[in-house]
Amino acid sequence: MNNIHRRHLLAAGSLAALSAATGKALASPRREPGDDHRGPVSVASGNGVKAVERAWELMNQGRDTAEAIVEGVRIVEEDPNDMSVGYGGLPNERGVVQLDSSVMHGPTHKAGCVACIEDIKTPASVALEVLRRTDHVMLVGQGAKEFAVALGFKEENLLTDRARRAWLRWKANHGPNDDWLNPEQMDWEFNQEGHGTHTAMATPETSPIPFTTGTIHCSALNDKGELSGCTTTSGLSYKIPGRVGDSPIIGAGMYADNEIGSAGATGRGEAVIQCCGSFLAVQFMDQGMSPTEACTAVLKRIADRTKQKRLLNEKGEPNFQVTMYAMRKDGAYGSACMRPGGTFAVCNGEGPRRVNSVPLFG
Ligand code: GLY
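About the thresholds
Residues numbered from 1 in each chain as written. Predicted model: local features only at pLDDT ≥ 70, side-chain atom pairs only at ≥ 80, totals over all residues. Heavy atoms only, no water. Helix = DSSP H or I, 4+ residues; strand = E, 2+ residues; numbered from the N terminus. Buried < 20%, exposed > 50% of the residue type's maximum accessible area, 1.4 Å probe, protein only. Contact = heavy atoms within 4.5 Å. Areas by Shrake-Rupley, 256 points an atom, 1.4 Å probe, with all protein chains shown as cover. Expected span 1.5 Å × (residues − 1). Core = buried A, V, L, I, M, F, W, Y, C linked by side-chain atoms within 4.5 Å. Near = heavy atom within 4 Å. Polar contact = N/O pair within 3.5 Å; in protein donor to acceptor, adjacent residues only side chain to side chain. Nonpolar A, V, L, I, M, F, W, Y, C, P; charged D, E, K, R; others polar. pLDDT = per-residue confidence, 0-100. Pairing = 2+ DSSP bridges. Axes fitted to C-alpha atoms, helices over the stretch in contact; angles between N-to-C directions. Parallel < 35°, antiparallel > 145°, perpendicular 65-115°, else oblique.

Caption draft 1: Spatial organisation of the overall build of the protein chain. Helices and strands together make up the secondary structure of the protein chain, namely 10 helices and 15 strands. The proportion of buried residues among the 362 residues of the protein chain is 56%. Restricting the contact set of the protein chain to residue pairs at least 6 apart, pairs at least 24 apart contribute 63%. If you sum the accessible surface of the protein chain, you get close to 15600 Å²; carbon and sulfur atoms cover 51% of it.

Right, dumping it as structure tokens:
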């Protein structure tokens, strides 16, 4: 009996406890999509369909799992239309894009991270270089940027016009008593290019101001049983400069243990940090939970530890989203979200696809 199957048999107690705690009947602990699969598997957050496909292709060509996922998420980091990651990500409250990322390599159990890095489009690639070339785990701010530039990464303005316009709208709607006029108070409105156009009275934009704690997480397993994880993000939109979320913190936004599995998180980073969400998901899998059960148990822990009224709805449930993703060493994978709407992407021999995550609360 291998370790994974022994752990499944030992898991009955903890699963019963989880079932009692969540008030929901849990599916059999032994089966989960992918657990009878042979060959590479990659799993990501819902915005990572292209990332899992790329990672899967590269693993099939024999590339290392960490390199494969970093190449995969790079597609999203470089995509100006994803406002939660890399180039085109929403900026901090001063209009500066600050990016966070982490990579963990299962076979060597090494990690590399960067936080609050500016002007570099692909922070996951920088994090992989921290892992590869240094004896450190995390570089932040100016030091992370200098490290990247020294390695030949190009310095670029990451603030796209679309993200800049969203930031200006956020400032204008901040409050009625600050010095930035609300849309209905303006004599000018912004045209498509963002320059002032004189009008009798500005027409307020009615679409919601983009706001995100979105991120991309990707985990992968190759046919040798090696796994790695990576998370990369522009973090909470309009954040206080210097704010670091869960994504670059090993054990919070991502964790990989080659003996057990890999996990990652997207959504409200503060909640994930305070429960060491990804480390906990991997530990729950080690106790025998399936990936989906492990993700659900982490969300339950976060919900139980959320005490501030401003973060709870009228039923006492967290009013924010966190989505957890997990992959076990045998290729089983799963995902759960705090509130409905979370999705994840997966690619194995059946091709890339997006799947709904299991919500903890309805
Ligand atoms: N989970 C992304 C962040 O909170 O920064």
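After that view, the rundown keeps rolling.
Caption draft 2: Molecular detail of helix 7 (residues 161-172). For helix 7, which comprises 12 residues, the first-to-last C-alpha distance of 16 Å matches the rise-based estimate of 16 Å (1.5 Å per residue) to within 8%. Where helix 7 is concerned, the buried positions are Ala-163, Ala-166, Trp-167, Leu-168, Arg-169, Trp-170, Lys-171 and Ala-172.

Caption draft 3: Up close: the nonpolar core. Grouped together as the largest cluster of nonpolar side chains are 42 residues, with contacts concentrated most on Ile-302, Val-322, Met-324 and Met-338. Take this core: its biggest share by element is 7 residues, from helix 10 (residues 291-305). In this view, Ile-302 contacts Ala-271, Val-272, Cys-275, Phe-320, Val-322 and Met-338; residues no more than four positions away in its chain are not counted. Listed in part, the 24 residues of the second largest apolar core include Ala-51, Ile-216, Ala-220 and Cys-230.

Caption draft 4: Examining the site of the ligand more closely. Neighbouring residues of the ligand: 10 residues in total, closest Thr-215, Arg-243, Asp-246, Gly-267 and Gly-269. Note that a nitrogen atom of the ligand is positioned 2.6 Å from one of the side-chain N or O atoms of Asp-246. Between a nitrogen atom of the ligand and a main-chain N or O atom of Gly-267, the distance comes to 2.7 Å. Protein contact buries 100% of the 200 Å² of open area that the ligand shows by itself. Among the residues making up the shell around the ligand, the classes are represented as 1 nonpolar, 7 polar and 2 charged.

Caption draft 5: Region of the structure containing the confidence of the model for the protein chain. Looking at the protein chain as a whole, its pLDDT mean stands at 87, while 83% of the residues score no less than 70. Overall, residues 1-17 carries pLDDT values under 50, and its contacts beyond four positions in sequence, including any with other chains, amount to 26 contacts.

Caption draft 6: Region of interest: the side chain of Thr-65. Residue position: Thr-65 is located in helix 4 (residues 65-77). Thr-65 sits in the buried class, given a relative accessible area of 0%. In this structure the side chain of Thr-65 is engaged in a polar contact, spanning 2.8 Å, whose partner is the side chain of Ser-228. When near neighbours in sequence (up to four residues on either side) are disregarded, Thr-65 contacts Met-59, His-105, Ala-220, Leu-221, Asn-222, Glu-226, Leu-227 and Ser-228.

Caption draft 7: Structural detail: the environment of Val-103. Structurally, the position occupied by Val-103 is in strand 2 (residues 99-105). Relative accessible area serves as the criterion here: at 0%, Val-103 is assigned to the buried category. Each C-alpha atom of the pair Val-103 and Val-137 lies 9.6 Å from the other, and the pair is 34 residues apart in sequence.

Caption draft 8: Quick peek at the pairing of strand 12 (residues 333-337). Most of strand 12 is tucked away, with 5 of its 5 residues classed as buried. Of the two faces of strand 12, the one lined by Tyr-333, Ser-335 and Cys-337 and the one lined by Gly-334 and Ala-336 are each fully buried. In the sheet, strand 11 (residues 322-328) pairs with strand 12 via 5 bridges, with the strands oriented antiparallel. Counted as the bridge partner of Met-327 is Tyr-333 from strand 12.

Caption draft 9: Spotlight on the sheet that holds strand 12. Overall, mixed pairing links the 5 strands, which are arranged 9-10-11-12-15 in an open sheet. Taken across any chain shown, the strands that pair with only one partner, and hence form the sheet edges, are strand 9 (254-257) and strand 15 (358-359). With 7 bridges joining them, strand 10 (residues 261-267) and strand 11 adopt antiparallel strand pairing. Residue Gly-261 lies in a different strand from strand 11, and its bridge partner there is Arg-328. Helix 10 rests against strand 11, strand 12 and strand 15 of the sheet, and its axis sits at about 25° to strand 12.

Caption draft 10: Representation of the packing of helix 5 (residues 123-133) against helix 6 (residues 141-150) in the model. Running from N to C, helix 5 and helix 6 cross one another at 85°; their axes reach a closest spacing of 10 Å. In this view, helix 5 runs roughly perpendicular relative to helix 6, as classed from their interaxial angle. For the pair formed by helix 5 and helix 6, the contact residues are Val-126, Glu-129 and Val-130 on the first element and Ala-144, Phe-147 and Ala-148 on the second. Grouping the amino acids of the contact of helix 5 with helix 6 by side-chain chemistry returns 5 nonpolar, no polar and 1 charged.

Caption draft 11: Quick look at helix 10. Its 15 residues give helix 10 an end-to-end C-alpha distance of 21 Å, which sits within 8% of 21 Å, the value for a rise of 1.5 Å per residue. For helix 10, the tally of buried residues reaches 12 of 15 residues, placing the bulk of the element in the interior. Those residues of helix 10 that fall on the buried side of the exposure criterion are Pro-291, Thr-292, Glu-293, Ala-294, Cys-295, Thr-296, Ala-297, Val-298, Leu-299, Lys-300, Ile-302 and Ala-303.

Caption draft 12: Structural view of unusual backbone geometry. At Cys-116, a position not held by glycine, the phi torsion is positive, near 55°. Locating Cys-116 in the fold gives a position in strand 3 (residues 110-117). Residue Cys-116 is classed as buried on the basis of its relative accessible area of 9%. In this model, Tyr-238 sits at a positive phi of 60°, which is unusual for a non-glycine residue. Within the secondary structure, Tyr-238 is located in the loop between strand 8 (227-233) and strand 9.

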